[in-house]
Amino acid sequence: MEEVLQVDESICQQLLSSGLNTEGIQASLKEKGISDDDLVAAYMDTIKKMRYSKRRNMGFTFMAAGAFLGFLSCVLTISHVLPQMFDFIFYGLTTLAVCIVVLGLYYVFE
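Note that this is a predicted model, so its numbers are computed, not measured. (Residues numbered from 1 in each chain as written. Predicted model: local features only at pLDDT ≥ 70, side-chain atom pairs only at ≥ 80, totals over all residues. Heavy atoms only, no water.)

All chains considered together, the criterion is met by one salt bridge. In this structure, the salt-bridge partner of E110 is R55, at a minimum N-O distance of 2.2 Å. Of the two residues, E110 sits in the segment after α4 (86–109) while R55 sits in helix α3 (residues 37–79), which places them 55 residues apart along the sequence. Of the residues examined, E110 reaches a relative accessible area of 55% and is grouped as exposed. The exposure class assigned to R55 is partly exposed, which follows from its relative accessible area of 26%. (Salt bridge = Lys/Arg side-chain N within 4 Å of Asp/Glu carboxyl O. Helix = DSSP H or I, 4+ residues; strand = E, 2+ residues; numbered from the N terminus. Buried < 20%, exposed > 50% of the residue type's maximum accessible area, 1.4 Å probe, protein only.)

This part covers the environment of S17. Within the fold, S17 resides in helix α1 (residues 9–18). In this structure the C-alpha to C-alpha distance between S17 and I89, which are 72 residues apart in sequence, comes to 39 Å. Polar contacts involving the side chain of S17 include one to the main-chain carbonyl oxygen of Q14, which spans 3.0 Å. (Polar contact = N/O pair within 3.5 Å; in protein donor to acceptor, adjacent residues only side chain to side chain.)

What follows concerns the packing of aromatic side chains. Counting across every chain of the model gives four aromatic pairs. When the ring of F90 is compared with that of Y91, the centres are 4.8 Å apart and the planes differ by 75 degrees; the resulting orientation is edge-to-face. Residue classification places Y91 among the exposed residues on the basis of a relative accessible area of 51%. Plain terms: the ring middles of Y106 and Y107 are 5.8 Å apart, the flat faces sit at 55 degrees to each other, and that makes the pair tilted. Look at Y106 and you get partly exposed, because its relative accessible area is 45%. (Phe/Tyr/Trp six-rings, centres within 6.5 Å; stacked < 30°, edge-to-face > 60°.)

Moving on to the nonpolar core. Membership of the largest hydrophobic core comes to 13 residues, with the highest contact counts inside it found for L15, I25, L29, I34, Y43 and I47. Put simply, the parts of the chain that give this core at least two residues each are α1, α2 (22–31) and α3. Of all the elements, α3 adds the most residues to this core, at six residues. Those residues within four positions of I25 in sequence are excluded, and the remaining contacts are L15, L20, M44, I47 and R51. (Core = buried A, V, L, I, M, F, W, Y, C linked by side-chain atoms within 4.5 Å. Contact = heavy atoms within 4.5 Å.)

Structure follows, in structure tokens:
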């Protein structure tokens, strides 16, 4: 019969928020009494998934903010509400929006 490994999410969250590297996390797990290699690997996989999930959520947030800023710059450019700031809105705000979206894509797809 196959043994089911139980991973404590609170320990994973605590280790993730501590900012330790991989070796530090493994040493901390051994200090907590988790010395089974399979269980340590399960904890490391869970921590890696949590880290990637946090990074992916941040990427989606950046993409949404960049899309909103791009939409806002598009509307302001087309409506020509602020004619004295046309160059800033058309070139500056749009460029900033594209950069924020690309940063979000980087965080999602890395």
